[in-house]
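# Residue-level structural notes
Take a look at the letters that make up each chain.
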2 protein chains.
Amino acid sequence: MDSMIILPGGANVSYHSLEKVRQNALLSALTDGQFYSLMKKAKLIELDDGDHLFMQGDEAKRFFIVLQGSIKFFRLTSGGKETVINVFGEQDPVGEAAMFMAEKHYPANAMAIKSAAVLSICCQDYLQLLHQSYESCFGILGSMASRLKRSISDIEVLTQQSAVHRVAHFILSLIDEKSPDPVVVRLPATKQLIASRLAMQPETLSRVMRELKEKELLDVQGRNLTIHSVAGLKRLIQ
Amino acid sequence: MDSMIILPGGANVSYHSLEKVRQNALLSALTDGQFYSLMKKAKLIELDDGDHLFMQGDEAKRFFIVLQGSIKFFRLTSGGKETVINVFGEQDPVGEAAMFMAEKHYPANAMAIKSAAVLSICCQDYLQLLHQSYESCFGILGSMASRLKRSISDIEVLTQQSAVHRVAHFILSLIDEKSPDPVVVRLPATKQLIASRLAMQPETLSRVMRELKEKELLDVQGRNLTIHSVAGLKRLIQ
């Protein structure tokens, strides 16, 4: 069993997960002294499925790193329609961009989609450390740049007008298009979440997946997706 | 008339536009010495309508700041379908996130949509200066954070399933929803570009705009949009 470290809130965190957190692009350039001074003031938050981590518009005083489980980042229209912006998993930072926004409020809601554990870090403490570590600035710049790049792909997927196009684009965005067939990939979220992310009903996603299966382009078993023909998927969207 | 500064390429840039560039979040924290050493190696690029600034996948050795005109940032599928990710105007940086990405390649194409002038800055020179200026690091972090925030809004708009929802969301994203009626706003791009950005045919956008006009929610004259009832638009998307 992992040895445990006790955070100030009294929570036990395995040394192993703290070592993993240490590798995070936002923290990896900190010296040991800086890292442990930050951890001394960090909190461990445990969430049950459906618990909110924060609400859209809340003041962004803390940001989070997922230790375990998944966090859904989403917006709600006043009519209650949900838009999933992202699903964050282990090692992903959540809410960190808000500390650099002019208004410093979270731009969306964050909620656990299964039981999750996150490390909660005080933005002010972190910003102070950033002033002492250029490499950490570059770490967070890299992290935000790759998130921007991902959002460009997301926008590309969402502007596809037919459901088949959107699904094919989404699947291609999960893989390296140059890999030889067959490619096996794990779906990054439940089908319901993926459908919402692709702006379609879950039934539409199921129908499209069935069509792609009938065309012998892919197979789905639970969360595992086997792509038999990357070229075939690409031809679909041409 | 503005007094002129001559850049190393021999181009004239008005002192006024260089002063404006100086205010850019990416550059404003540089000392005068740092700023002018960067400008000494900068280039002025003039583009005609339709000229490429860079292509998706090109190595990102330089980034750009728009001095004049508009730059379309877009992706092309292998079938030739265009997805407009963004339209950049005066003072907007273009391609700057790529220098922080692991692969350092532009993630999309950039093209002038009317005659444009951009300042081209060497990434390596800029990165060196960043190492001397925490405030510039924070400037670019702020700029990337607000772009991420915008992409969250874009994704929210695009996941709206009906054309009316997408248009209403898009219009509401242009204004401060708390402002009293009527609100006048200038459309940020041509109707064709906005339609492409909202993943619909231009005719669909025109039809929706006509419907909203018939409901007395808004009026469009050229690029000027008058919103008669913000609350009415909000009710539409509930």
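What you are looking at is a predicted structure, and each value in this text was computed from that prediction instead of being measured. (Residues numbered from 1 in each chain as written. Chains lettered and ligands numbered in written order. Predicted model: local features only at pLDDT ≥ 70, side-chain atom pairs only at ≥ 80, totals over all residues. Heavy atoms only, no water.)

### Examining the pattern of salt bridges
Inspection of every chain in the model, using the stated rule, returns 22 salt bridges over all chains. Between R22 of chain A and D32 of chain A there is a salt bridge, and its shortest N-O distance comes to 2.6 Å. A residue pair is termed long-range when its members are at least 10 positions apart, and R22 of chain A in helix 1 (residues 15–22) and D32 of chain A in helix 2 (residues 32–40) qualify at 10 residues. Residue E96 of chain B is joined to R147 of chain B by a salt bridge in which the shortest nitrogen-to-oxygen separation is 2.8 Å. Taken together, the residues E96 of chain B in the loop between strand 8 (93–94) and strand 9 (109–112) and R147 of chain B in helix 4 (residues 134–158) connect sequence positions 51 residues apart. On the basis of relative accessibility, which here comes to 0%, the residue E96 of chain B falls in the buried class. What makes R147 of chain B buried here is its relative accessible area of 16%. Here the salt bridges share partners, and the residues they tie into one network are R150, D154 and R197 of chain A. (Salt bridge = Lys/Arg side-chain N within 4 Å of Asp/Glu carboxyl O. Helix = DSSP H or I, 4+ residues; strand = E, 2+ residues; numbered from the N terminus. Buried < 20%, exposed > 50% of the residue type's maximum accessible area, 1.4 Å probe, protein only.)

### Examining the domain arrangement of chain A
Where the parts come together, the accessible area they lose is often given as the size of the interface. All names here are of chain A. Under the domain assignment used here, chain A contains domain 1 (4–148) and domain 2 (160–236). Taking only C-alpha atoms, the centre of domain 1 and the centre of domain 2 are 30 Å apart. Listed as interface residues are 7 residues of domain 1 and, on the opposing side, 4 residues of domain 2. Where domain 1 abuts domain 2, roughly 410 Å² becomes buried across the two surfaces, and 59% of that area is made up of carbon and sulfur atoms. Of all residues in domain 1, V84, I85 and V87 give up the largest surface area on contact with domain 2, accounting jointly for 68% of the area buried on that side. Where domain 1 meets domain 2, there are 0 salt bridges. (Domains from an automatic or database assignment. Contact = heavy atoms within 4.5 Å. Buried area = accessible area lost by both parts, 1.4 Å probe.)

### What to know about the packing of helix 4 (residues 134–158) of chain A against helix 4 of chain B
Two numbers describe how helix 4 of chain A lies on helix 4 of chain B: the axes approach to 10 Å, and their chain directions differ by 20°. Taken together, the axes of helix 4 of chain A and helix 4 of chain B lie roughly parallel to each other. Note that helix 4 of chain A runs across helix 4 of chain B; the crossing there is left-handed. Its residues assigned to classes, the contact of helix 4 of chain A with helix 4 of chain B comprises 20 nonpolar, 2 polar and 4 charged. (Axes fitted to C-alpha atoms, helices over the stretch in contact; angles between N-to-C directions. Parallel < 35°, antiparallel > 145°, perpendicular 65-115°, else oblique. Left-handed = near helix turned anticlockwise from the far one by under 90°. Nonpolar A, V, L, I, M, F, W, Y, C, P; charged D, E, K, R; others polar.)

### Quick notes on the side chain of K72 of chain B
All names here are of chain B. Within the element layout of this structure, K72 appears in strand 6 (residues 71–76). Owing to a relative accessible area of 10%, K72 belongs among the buried residues under this scheme. Within the structure, K72 has its side chain in polar contact with the side chain of E82 (distance 3.0 Å). In contact with K72, not counting residues within four places along its chain, are E82, V84, N86, N109, A110, M111, I113 and L193. (Polar contact = N/O pair within 3.5 Å; in protein donor to acceptor, adjacent residues only side chain to side chain.)

### Notes on the interface of chain B and chain A
Contact residues are listed per partner, giving 48 residues for chain B and 48 residues for chain A. Buried surface at the junction of chain B and chain A, summed over both partners, amounts to about 4600 Å²; 69% is from carbon and sulfur atoms. At the boundary of chain B and chain A, one finds 4 salt bridges. Inspection of the region where chain B meets chain A yields 11 residue pairs in polar contact (both at pLDDT 80 or more). For the side of chain B that touches chain A, the secondary-structure elements that each account for two or more residues are strand 6, strand 7 (82–88), helix 3 (123–130), helix 4 and helix 6 (191–197) of chain B. Element by element, the count of residues in the side of chain B that touches chain A is highest for helix 4 of chain B, at 19 residues. Of the residues belonging to the side of chain B that touches chain A, the class tally is 22 nonpolar, 17 polar and 9 charged.

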